[in-house]
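# Reading the structure
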Amino acid sequence: MVITEPSTMGTRRIRTGGDLESCDSEIVQLEPVNVKLSYASRRQKGESLNKHILASVTDISVDKLTEEAHIPKGQMWSVHKFGGTCVGTSQRIKNVGEIIVNDDTERKLIVVSAMSKVTDMMYDLIYKAQSRNDSYLSALDAVFEKHQLTACDLLDGDELAGFLSRLHHDINNLKAMLRAIYIAGHATESFTDFVVGHGELWSAQMLAAVVRKNGIDCKWMDTREVLIVNPTSSNQVDPDFSESEKRLEKWFSQSPSNTIIATGFIASTPDNIPTTLKRDGSDFSAAIMGALLRAHQVTIWTDVDGVYSADPRKVSEAVILRTLSYQEAWEMSYFGANVLHPRTIIPVMRYDIPIVIRNIFNLSAPGTMICRPPVDENEDEQIIDSPVKGFATIDNLALVNVEGTGMAGVPGTANAIFGAVKDVGANVIMISQASSEHSVCFAVPEKEVKAVAEALESKFREALNAGRLSQVAIVPNCSILAAVGQKMASTPGVSATLFNALAKANINIRAIAQGCSEYNITVVLKREDCIRALRAVHSRFYLSRTTIAMGIIGPGLIGATLLDQLRDQAAVLKEDFNIDLRVMGVTGSRTMVLSDTGIDLSTWRELLKEKGEVADLEKFTQLVHGNHFIPNTVLVDCTADSNVASRYHDWLRRGIHVITPNKKANSGPLDQYLKLRSLQRKSYTHYFYEATVGAGLPIISTLRGLLETGDHILRIEGIFSGTLSYLFNSFVGTRSFSEVVAEAKEAGYTEPDPRDDLSGTDVARKVIILARESGLKLELSDLPVRSLVPEPLKACASAEEFMKQLPQFDEELAKQRQEAEDAGEVLRYVGVVDAINKEGRVELRRYKKDHPFAQLSGSDNIIAFTTKRYKEQPLIVRGPGAGAQVTAGGIFSDILRLASYLGAPS
C-alpha cells in the first residue's frame, strides 16, 4: 500500500508492509495541503466552495506582493487571544464576540483556540485510527456534531449554510486521511499536525461570522498561510519573523480588514507543510502576531483573574499580581506557575509590547500586566515592600547526585554527565554543584529518573569500579520551590528570609540553586513538605497571613478563657496584624473535638459536648500537626498534668511549637529540663512558658533580657502566689488565718483544696524555674519549703475536713503576726533564689511596712531582681499574678510572640 504525504514536491509515497498485504494495490491519494488552501479560496462569506482552489502552496509567490494595501503597523493594533475555555460553548463564543465589538481599538486581531476539549478529541482521532480502532469514525462524528450544533445556535442564513458546507467538506477530507492512517497503522507528525489543527479553523470561522452578525466587517485568517516556523525539536519551533512578515503583507493585501480573526496553534514550515506551535501554542501565536503588527498590547483571555503570587489551590491567601516584568513572568512560568509558556514572552519582549492576562468570566478584574519596565508597583499595595513577587512549585521530581573525589578538577565531567542525560532524552529541571566539585546534583522528572540512573551507571561504570566516583544516588519524591522577583537582585537578605521561613516551619532543604541574575532562588524539598513550605514562605514575605494551626489541651478555667479571648480577637488579628490563628482541636482528659479547617470558637463548648470523641492525645497531635496547608503548629498545654508535660520533648523534636502555663516540665527532674532546653536551642521550634511564673506578668522575659544583655543575677525574691498574697494582705487586725482562708476559698482565690496553695509547692516550682533560668542546677527536692499546712492536717481525707479543723491551729500564725506588728513589720510568704550561694528557698518572712512587699493589695504578685546593675535599687515587677483572665492573657501573649517569630509583622 502507498500513502501520499503532504509535501511541496507534489506527493511523497510511503510504502508499508506488515499485515496489510491484501491492500498492496490500494493507493490512497491525500493532498491535505490542497484541502488547507481551499480555506483561502472560500474564506469570506458567500464565496463558492469551488472557486480558486489552489493546487499547491508553492503557487503562492510571497515576493509578488500587491501594492494596493500594505498592512499598517503600530499602536493602532490590539491583539486578543481567547483560549478553548473562552470559546467552549455557543454562549461563550457570543460573549467573546461582544468583547471584540466593544473594543474601541482602531484595528484588532483576535487569535482563537479550538473549542474546549476539541484538540484532545482530534488527537484521540489520530490515536484511534493508528491503533486500528474503528471507533475513530464515531469519534469523528462527535466532533462534527459538536461544531454543527454550535454553528446552528450561533448563525443563520448564508453564514450558517456556508459554514456547514465547509464543515462537511473538512470532515470528509479528515475521514479519508484517518482511513489512510488506519490502513498504515501509523501517522506522521505532519499528518497529525494537519488533523489536530482543524479545531482552530472551525472556531475562527464561527467567531468571524458572529462578529459580522454584529455589524462589523471581519475577515478570518488561516495562520498556516502567514506564520512560518522552523521545527527545532519535537516540542519546540522557532518563528521565522522575516518570512512571516512578508506573508502577512501578502495576506492583508488580499483581505484588508480592521478586524481579523486568526487561528491559534497552527502554522507552516518553510516548505509549506502544516505544523503546530505545540501545546499552549495559541498564546505563542498571539505573541508572534503582536510582534508582527507592533501592537500596543496583547491580551490573553483566560478563566482566572490574573497571575497569582502562588497557586491558589495550595495557598488560599494568594493574591493577584497587578504587574510582572517579562523576566518574572518567564521565571514563574518555567517553574510551573499558570502564567504563560516561557516562549510566549520572547516575541513581545523585542518590541516592549505588554501582555495582559484577563478573566473572560470577570470583566471587572483588571488582570495582570506583564511588561518592561514595570509600571509603578505602588499599586500592589498588599506586596509593596516584598522583593519576592511570587512562588511556584514543580512536583514529581527526583534528585540525581553524582559524587566522587575523582570529579574534582577533571575537565569534561559535567559534559559527560549531562551528555548521558541528553542521550536518554531526559529534561534537567535544576542543577546544583558545590565549588569543591566533589558532587553534582540535578533534578529530573521522576518518570525519567530510572533511565537517567541506568545511563549514568553505564557511562561511569569504569570510574565507579575504580573508586573515582563513589555513587550515583537517587533521591525520589522531591518537589521544587522557586521564589521569583526582580527586586531580589537589589535586596540583601532575601535568601536569609526564605531559608529562615523554611527552617521555622521545620522543613529541610535538599538542594539549592540561584542564577547570577538573582531573579529566582530555587530549592529542592521533600514532596510531602512542599505545600507547607509554600505557605510558610508566602506568609513570611507578607504576601499572606501568618497562619498557625493550634491545639488547645485542657479546656478548664484557663483554657476556656484563652479560647474565648482567641474568639474575641481573631478578626482584629487577621485584619490589622495579618495573623490567622486556627484552633484545629480542643481536648480535655475525656473528650476532644477536631477539625481539618478550624473550629468555630463561638460554639466550641457545644461541639465538645455534642460531637466530642474519646480523647486520644497522640491522634490529637497528629491531626493538628498533619495539616499540610498550614506550615506552623503550636500545642498549648493549659493543664497541670505531668503526663502532658512529658511529651514536650517529642513535640519539639517533631517541629511542633509548645506554649504552656504548666510548671511541671520546667520544675521536674533536672536532666529532663536540660534535655528540653538543649533541644529548643538547637532547633527552630519554640518553647514559651511566660505564664508558668507570673501568669500575665513579664517575669521570664525580664529575667532573660537581663541575662542576655550581660547582667548577673545576685538574688530573685518575690511573692509568687496570688492566693498567698491575698491571704497575707488580708491577715490583719484580729482576723484569724482560718477565717481569711475560708473567705478566699469562697471567693474562688484558692484551689478547690486550699492545701494545694498552703503547701508552698506551687511557689517552690516557680522558684526552681527562675533558678534554672538563672543558670542554677537545682532539683525541686533541694529547696527547703515552709508549709502553711499544719502537720496533723496533711492527712485529712477531704478539703472540707481540712477547713473544719484548720481553726485549731490559728494560734501560731496569730502569734507571728503580732510579733511582726510589734516590730513595725508584716508577714509575707516569699520565694527566694540566692544565686550567690546557689540555693533557693520558700519561707515566711517579715518586712518593714515601707518595703515594697509590704505595700501589696489584693492578689498582686511582686518580684524583685537584684543584679550587678540593679544592686542598690532592685528591679521590681508588680501586678496581678493570678486569675484566669491574666493567665490566659499571658499565654495569648506568648502565642503572638510566636507569630512574630514566624514572620508576622511586629
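Here the structure is a predicted model, which is why all the values come from computation and not from measurement.

Strand order in this open sheet of 6 strands is β17-β18-β16-β19-β21-β20, and the pairing throughout is antiparallel. Strands at the two margins of the open sheet, each flanked by one partner only, are β17 (430-433) and β20 (511-514). The sheet shows a mean angle of 30° between the axes of neighbouring strands, taken without regard to direction. Those strands touched by helix α12 (residues 413-423) are β16 (390-403), β17 and β18 (439-445), and its axis lies near 15° from that of β18. Across the sheet, helix α15 (residues 494-504) touches β16, β19 (471-484), β20 and β21 (520-526), and the angle it forms with β21 is around 20°.

Here the focus is the pairing of strand β9 (residues 259-263). For a regular strand, the rule is simple: side chains alternate between the two faces of the sheet. When you tally the buried positions in β9, you get 5 out of 5 residues, the bulk of the element. With burial as the criterion, each face of β9 is covered, one bearing Thr 259, Ile 261 and Thr 263 and the other bearing Ile 260 and Ala 262. Two strands pair when backbone bridges link them, and strand β5 (residues 107-112) and β9 are joined in this way by 5 bridges, in the parallel orientation. Of the residues in β9, the one forming a bridge with Leu 109 is Ile 260. Note that strand β6 (residues 219-221) and β9 share 3 bridges and pair parallel. Directly across from Lys 219, in β9, lies its bridge partner Ile 260.

Bringing the side chain of Lys 278 into the picture now. With respect to the helices and strands, the residue Lys 278 is situated in the loop between β11 (274-276) and α9 (281-293). There is a polar contact of 3.0 Å between the side chain of Lys 278 and the side chain of Glu 189.

Before going further, it helps to spend a moment on α15. Within α15, the full set of buried residues consists of Val 494, Leu 498, Ala 501, Leu 502, Ala 503 and Lys 504. Following α15 by one or two positions, Asn 506 has its phi on the positive side, about 60°.

With that out of the way, let us pick up the packing of helix α3 (residues 118-130) against helix α5 (residues 157-184). At their nearest, the axes of α3 and α5 sit 7 Å apart, and the two run at 40° to each other. Relative to α5, the element α3 is oriented oblique. As α3 packs across α5, the resulting crossing turns out to be right-handed. Contacts from Met 122, Leu 125, Ile 126, Ala 129 and Gln 130 of α3 reach α5 at Leu 174, Leu 178, Ile 181 and Tyr 182. Its residues assigned to classes, the contact of α3 with α5 shows 8 nonpolar, 1 polar and no charged.

Let us look at unusual backbone geometry. Only a minority of non-glycine residues have a phi that is not negative, and only a minority of peptide bonds are not trans. The backbone of Arg 132 sits at a positive phi, close to 60°, despite the residue not being glycine. Structurally, Arg 132 can be placed in the loop between α3 and α4 (136-154). Judged by its relative accessible area of 31%, Arg 132 is partly exposed. One non-glycine residue, Ala 695, lies in positive phi territory at about 55°.

Residues of the protein with pLDDT of at least 70 account for 89%, and the chain-wide mean is 86. For residues 1-67, every residue scores under 50 in pLDDT, and the model assigns this stretch 127 contacts once sequence neighbours within four places are set aside. A low-confidence stretch, residues 377-384 stays under pLDDT 50, and its non-local contacts, those more than four residues away or across chains, total 15 contacts.

Reading the values: the criteria
Residues numbered from 1 in each chain as written. Predicted model: local features only at pLDDT ≥ 70, side-chain atom pairs only at ≥ 80, totals over all residues. Heavy atoms only, no water. Pairing = 2+ DSSP bridges. Helix = DSSP H or I, 4+ residues; strand = E, 2+ residues; numbered from the N terminus. Axes fitted to C-alpha atoms, helices over the stretch in contact; angles between N-to-C directions. Contact = heavy atoms within 4.5 Å. Buried < 20%, exposed > 50% of the residue type's maximum accessible area, 1.4 Å probe, protein only. Polar contact = N/O pair within 3.5 Å; in protein donor to acceptor, adjacent residues only side chain to side chain. Parallel < 35°, antiparallel > 145°, perpendicular 65-115°, else oblique. Left-handed = near helix turned anticlockwise from the far one by under 90°. Nonpolar A, V, L, I, M, F, W, Y, C, P; charged D, E, K, R; others polar. pLDDT = per-residue confidence, 0-100.

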